[in-house]
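Tertiary structure, described
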Amino acid sequence: MTTPLQMTDLEQVYRAIHTLYSQDQSIPVTDKQAASTWLNEFQRSVHSWEIADQLLHRKADLESCYFGAHTLRTKIQSSFHELPVEAHISLRDSLLQHIANINGATDHIIVTQLCLAVTHLILQAASWADPIGHLLNTFGADPSHWWPILEILTLLPEEVHSRKLQLGENRRHQVTNQLESVAITVLTFLKQSLNVCLTTPPNSSLLPVETCLIGIVKCFGSWVLINPEGFFTSSEAGAMDVLNFSMGSLRDGKCSQKLHTAAADTVCALAEIVPDMDVTCNNNANDLQNFQLLLHTSFMGFGEPYAYAVAEEDQDKVLNYCRMFTEYGENMVPYMLRNSRDPHYSITIIDRILDCVGHHDYEVAENTFGFWYRLTEDLYHAHDESLNSLFLRHAQRLIIALHKHCLIEPDHEGPLTSSDEFYEFRRKAAEIVEDIIFVVGPLNTFQELANLFMMENTWESKEASLFLLYHVSKSVDPTETSVIKPFVETVLQFSDWRHVCLKLSAIRFLGGMANWLNKHPDENLEKSLNLLVTYLPLPECSNAAAVALQNICQQCADHIASKYIDNLLGIVGQMDRYNVCNDAVVGLLKGVGHVVGILPPDQLSTVIRQICWGQIQPLVELCDNETPPVKGTKTDPVFWVDRLSALFRNPTAHDKDGLVVEHPCSVAICQDLWPAISKVCDKFQADPRVMERVCRCLRYAVRCVGKHSHPFLQPLVFQLINIYNAHHHSCLLYLGSILVDEYAAETQCVDGLLQMLSAFVPPTFAILNEAGGFRNHPDTVDDFFRLCARYLQRCPLAILKSDIMASLVLCATQATQLDHREANVSVMKFLYDLVHAGRRQREMPDFSERQSLVRVILTQTAPQLLCMIIFGVIFTLPSYTINDIAELIYEIKEVMPQESSKWLEDALKQLPNQTAVGSQTATLEQLQLFHKQAMSARSPKELSRTTKEFCRYYR
């Protein structure tokens with residue numbers, strides 16, 4: 001095929017479309033892939049405007065018409081700037097011709113694409129005066145055209161807020177005002193259309209009645225947000241006619257599913273605006289309050305239709321009712337919390353929501369979770385016990401219902417997995433219980449679930465109780481005994497663990513009770529440890545048992561260190577014999593790390609060295625073995641390195657008074673660990689997975705022994721540099737930042753650390769300066785500038801005076817355009833720390849020199865930097881970068897206020913004053929206002945808000 005830029009033959013497009021969509025099995029997959037690639041390139045070309053239009057006029061087949069409609073829609077949405085302004089009218093006329101050709105036989109997907117194309121054209125083409133009036137005058141009198149017109153009218157209020165169009169706030173305001181001015185006209189059209197549809201036979205060949213009724217209801221729901229006061233106070237608009245029809249459809253058990261869903265969507269839209277009507281509308285307040293009450297009555301009246309849908313097993317309608325109850329309840333929460341003595345009538349909707357929670361299908365219950373999140377959050381922040389008591393019975397009913405929904409099917413085999421939808425539901429249900437527990441009270445909830453465990457005989461009910469009790473255990477008072485102690489003893493004495501899920505929930509429950517066990521160690525701690533150790537060798541339970549043991553080790557470290565340390569060490573020594581999975585061993589070693597830190601220094605040294613050597617020796621043997629490692633087995637170095645990481649992650653040595661002291665085994669770690677790790681680095685230096693785990697292990701080891709890892713600092717740095725030069729693993733840069741963090745305070749180490757950075761710079765710049773280097777290597781950007789920021793934090797003067805500083809700032813300026821979240825954060829943090837070095841720690845003797853160096857750097861680089869970040873935050877970077885950028889601008893302003901004002905002004909002058917299609921972006925007055933607000937901002941947070949508002953003029 002010829003390239004799109006050379007294409008002049010419409011038939012080539014037809015052939016490509018046929019190849020892509022053909023069901024002919026003889027066409028090779030490679031040909032279909034080539035056709036797809038070619039068509040994608042064609043759509044990006046300027047020729048596609050005319051060809052797409054021709055495809056729609058020819059109407060050769062469904063596939064070509066869809067491709068033509070889709071191409072026009074995407075071109076208008078993302079490439080409208082390609083057309084000169086004088087071509088907008090001809091495009092409009094052509095699109096309206098295609099709209100006029102739509103009939104009952106036209107495929108819905110083509111109609112949607114064409115209607116979106118018209119909608120996006122209306123929103124972007126300021127030259128189209130009164131587009132809605134134009135559409136209604138052209139097509140409004142002919143019912144055969146109502147289907148696409150209703151679709152366009154529905155899309156307009158929705159798409160005006162779409163950020164994909166990059167309309168800019170000024171154009172968006174202009175369109176919104178336009179919509180508000182014609183809202184009553186649109187509602188009048190909907191009323192008239194509804195009357196025609198209701199008096200037209202359903203099988204009319206001139207009017208697709210069902211489709212138009214759905215369109216009317218959808219359109220009403222879309223426009224009701226535009227001018228609610230006008231809709232419900234204007235006698236001409238006829239809003240109540242459409243609303244009454246929607247409500248009637250929802251009460252009609254025989255209503256079609258599509259119409260039912262459209263009506264539900266409309267009612268949900270009303271539920272969103274009704275709570276604010278008495279705030280936003282000052283006129284006709286009594287009428288609007290009456291309307292609120294009327295709507296509430298309608299919601300409560302859906303109880304019988306909901307019950308009918310349940311009886312008919314019409315799941316789609318059941319979900320619609322559930323969605324309506326939930327949306328309404330969520331929006332009425334502020335009213336419910338106004339007065340506990342005189343509850344607002346809307347609180348009664350909770351009974352309808354609880355009816356949905358009680359539905360036999362957990363999917364229906366899950367649809368109510370948004371309401372419970374909102375209610376519990378607002379109720380928690382209210383800090384009002386009288387309000388809590390108002391919702392007590394609802395919370396109790398909710399917890400019992402969720403317990404039933406958490407029951408696993410009796411014939412289910414094996415543990416639940418995270419890929420299971422039911423697993424995800426249970427996780428969310430447990431979060432709801434955690435959130436609402438303060439209403440019922442942790443102990444009362446614990447008692448209720450414990451009673452269910454006692455009373456129910458089925459394994460699935462007992463499992464659900466333990467599953468939820470694990471989440472409740474985090475909130476119970478660890479000093480309580482009257483309720484908790486008997487139940488813990490019951491669980492420890494229970495023997496009928498017939499199902500693996502029951503075992504797993506019991507294991508997690510005991511791990512969750514770690515804080516309570518710490519307060520009541522007696523025989524319960526030992527029994528809990530013994531039970532968990534029993535389950536460690538079982539493959540399906542080992543991970544959960546190890547996590548539970550880790551929790552208990554963290555909370556009960558003192559008791560275990562004094563009584564059960566030998567038992568714990570025996571367990572660690574037997575792990576490989578039991579064939580416990582490595583993840584479980586790693587988790588257990590994390591717990592061991594907490595316990596050994598409690599031991600006396602002399603005992604700690606022996607224990608750590610003993611456990612370390614058990615992992616180091618196999619590593620040494622691996623390095624001497626020429627057999628290729630197998631991932632996830634004992635021949636994999638990661639298998640052993642992860643264990644060392646877990647061991648070094650937590651232990652801290654304490655003296656008899658509990659104070660942190662010099663680590664007693666620092667020399668041992670240096671002697672035993674470093675030679676083995678060095679050999680691993682040499683042998684597996686090309687493997688990024690191994691090197692990442694090794695770096696993590698060294699990070700924990702360095703943190704563990706602090707300055708006393710000094711003996712292997714020099715050989716470590718030397719090895720890091722050599723491996724990085726050969727393989728560019730970004731994790732080596734991250735480890736370098738840890739070394740800076742630990743040693744930069746040591747004056748004698750600073751020069752060596754700067755030499756390390758200087759050695760990292762050439763290979764880093766080499767890969768970042770390649771075509772697409774920043775985008776292709778975001779991890780390198782992240783770790784490199786994290787490293788550079790550590791220098792500015794720990795030894796600022798040294799790096800500010802270094803020869804590489806100018807190149808670092810230049811590279812960071814280019815990296816500000818990278819839209820990778822973590823990398824962008826690190827770049828901004830580096831630049832922020834650079835500027836902040838010029839105004840922090842004023843009391844230090846080097847402050848004047850630091851300030852002077854920072855001012856010189858900013859004078860050279862800040863004008864370009866401000867231009868880059870202003871353009872980036874407006875046109876290319878995601879909105880989450882605004883906070884970091886605002887902090888940087890604020891810091892520059894604080895260090896050099898007069899100069900930064902001029903730099904920002906120059907950057908703003910370079911912004912375009914119009915979009916590519918001729919719409920106004922920010923006006924001169926808006927630019928000046930932003931400049932004034934930015935320069936007078938009293939905090940980065942205030943500047944961030946100002947910047948977000950300013951960016952809307954361009955998005």
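Cut-offs applied
- Residue numbers restart at each chain and count upward from 1, following the sequence in its written direction.
- Local features are withheld for residues below a pLDDT of 70 in this predicted model, meaning they are given only at 70 or higher, and side-chain atom pairs are given and counted only at 80 or more; totals for whole chains, interfaces and linings count all residues.
- Excluding hydrogens and water, the side-chain figures rest on all heavy atoms present in the structure.
- By the criteria applied, helices consist of DSSP H or I runs no shorter than four residues and strands consist of E runs no shorter than two, each listed in order from the N terminus.
- Note on classification: 1.4 Å probe, protein chains only; a residue is buried when its accessible area is under 20% of the maximum for its type, exposed when over 50%, partly exposed between these limits.
- Note on contacts: a residue pair qualifies if any of its non-hydrogen atoms lie within 4.5 Å across the two residues.
- By nonpolar core we mean a set of buried residues, namely Ala, Val, Leu, Ile, Met, Phe, Trp, Tyr and Cys, connected to one another through side-chain atoms within 4.5 Å.
- As used here, the arc is the angular range of directions from the helix axis to the C-beta atoms.
- A pair of aromatic rings is counted whenever rings of Phe, Tyr or Trp (Trp by its six-membered ring) have centres within 6.5 Å, and the orientation is called stacked for planes under 30 degrees apart, edge-to-face for over 60 and tilted otherwise.
- Helix axes are fitted to C-alpha atoms over the stretch in contact, other axes to C-alpha atoms as well, and angles between N-to-C directions run from 0 to 180 degrees.
- Here the angle decides the label: under 35 degrees means roughly parallel, over 145 means roughly antiparallel, 65 to 115 means roughly perpendicular, and every other value means oblique.
- We call a crossing left-handed when the near helix sits turned anticlockwise from the far one by less than a right angle, and right-handed when that turn is clockwise.
- In this count, Pro and Cys sit with the nonpolar residues alongside Ala, Val, Leu, Ile, Met, Phe, Trp and Tyr, while Asp, Glu, Lys and Arg are called charged and the others, Gly among them, polar.
- Just to be clear on terms, a salt bridge is a Lys or Arg side-chain nitrogen sitting within 4 Å of an Asp or Glu carboxyl oxygen.

**Thoughts on the environment of Leu510**
- Note on placement: Leu510 falls in helix H27 (residues 500-512).
- When its relative accessible area of 1% is taken as the criterion, Leu510 is described as buried.
- As a C-alpha pair, Leu510 and Gln178 span 332 residues in sequence and 63 Å in three-dimensional space.
- Excluding its chain neighbours within four sequence positions, the residues that come into contact with Leu510 are Leu492, Leu517, Ser528, Leu531 and Ile552.

**Concerning the nonpolar core**
- Trp223, Trp372, Phe446 and Leu808 are the most contacted members of the largest nonpolar core, which has 330 residues in total.
- In this structure, Phe446 is in contact with Leu469, Val472, Val476, Val483, Ile484, Phe487, Phe509 and Met513, ignoring residues within four places of it in sequence.
- If you look at the next biggest cluster of nonpolar residues, it comprises eleven residues, including Leu10, Ala16, Ile17 and Leu55.

**Quick notes on helix H26 (residues 484-493)**
- Within the span of H26, buried status applies to Ile484, Phe487, Val488, Val491 and Leu492. Viewed along the axis of H26, the buried residues span an arc of 140 degrees, placing them on a single side of the element.
- Close packing links the buried residues of H26 with helix H24 (442-455), helix H25 (459-472), H27, helix H28 (514-519) and helix H29 (522-535).

**Describing the packing of aromatic side chains**
- Using the criterion set out here, one finds 30 aromatic pairs in the structure.
- Ring geometry for Phe930 against Phe950: centres 4.1 Å apart, planes inclined by 10 degrees, an arrangement best described as stacked. One end of the pair, Phe930, is in helix H48 (residues 924-936); the other, Phe950, is in helix H49 (residues 940-951), with 20 residues separating them in the sequence.
- Given a relative accessible area of 3%, Phe950 falls into the buried group.
- Put simply, the rings of Phe299, Phe302, Tyr306, Tyr321, Phe325 and Tyr328 touch in pairs and so form one group of aromatic residues.

**Quick look at the packing of helix H1 (residues 10-21) against helix H4 (residues 62-78)**
- It is at 10 Å that the axes of H1 and H4 come closest, and there the two elements cross at 110 degrees. In terms of axis orientation, H1 runs roughly perpendicular to H4. Judged by the sense of rotation from one axis to the other, the crossing of H1 with H4 is right-handed. Here Val13, Tyr14, Ile17 and Tyr21 of H1 come into contact with H4, specifically with Glu63, Ser64, Tyr66 and Phe67.
- Split by residue class, the contact of H1 with H4 holds six nonpolar, one polar and one charged.

**Quick look at the pattern of salt bridges**
- Applying the stated rule across the entire model yields 36 salt bridges.
- The residue Glu463 makes a salt bridge to Arg426 at a minimum N-O spacing of 2.8 Å. In this pair, Glu463 is assigned in helix H25 and Arg426 in helix H23 (residues 421-440), connecting sequence segments 37 residues apart. Per residue, the accessibility class of Glu463 equals that of Arg426, and both read buried.
- The salt bridge involving Asp642 is made with Arg693; its shortest N-O contact spans 2.4 Å. One end of the pair, Asp642, is in helix H34 (residues 637-649); the other, Arg693, is in helix H36 (residues 688-705), with 51 residues separating them in the sequence.
- Sharing partners across several salt bridges, the network here consists of Asp351, Arg352, Asp355, Arg393 and Arg397.

**Observations regarding unusual backbone geometry**
- Positive phi, close to 60 degrees, is recorded for His728, a residue that is not glycine.
- With respect to the helices and strands, His728 occurs in the loop between helix H37 (713-727) and helix H38 (730-743).
- Positive phi, close to 50 degrees, is recorded for Gln841, a residue that is not glycine.
- The topology assignment puts Gln841 in the loop between helix H44 (821-836) and helix H45 (847-876).
- The exposure class assigned to Gln841 is partly exposed, which follows from its relative accessible area of 37%.

Note that all results are geometric; they support no functional claim without further evidence.
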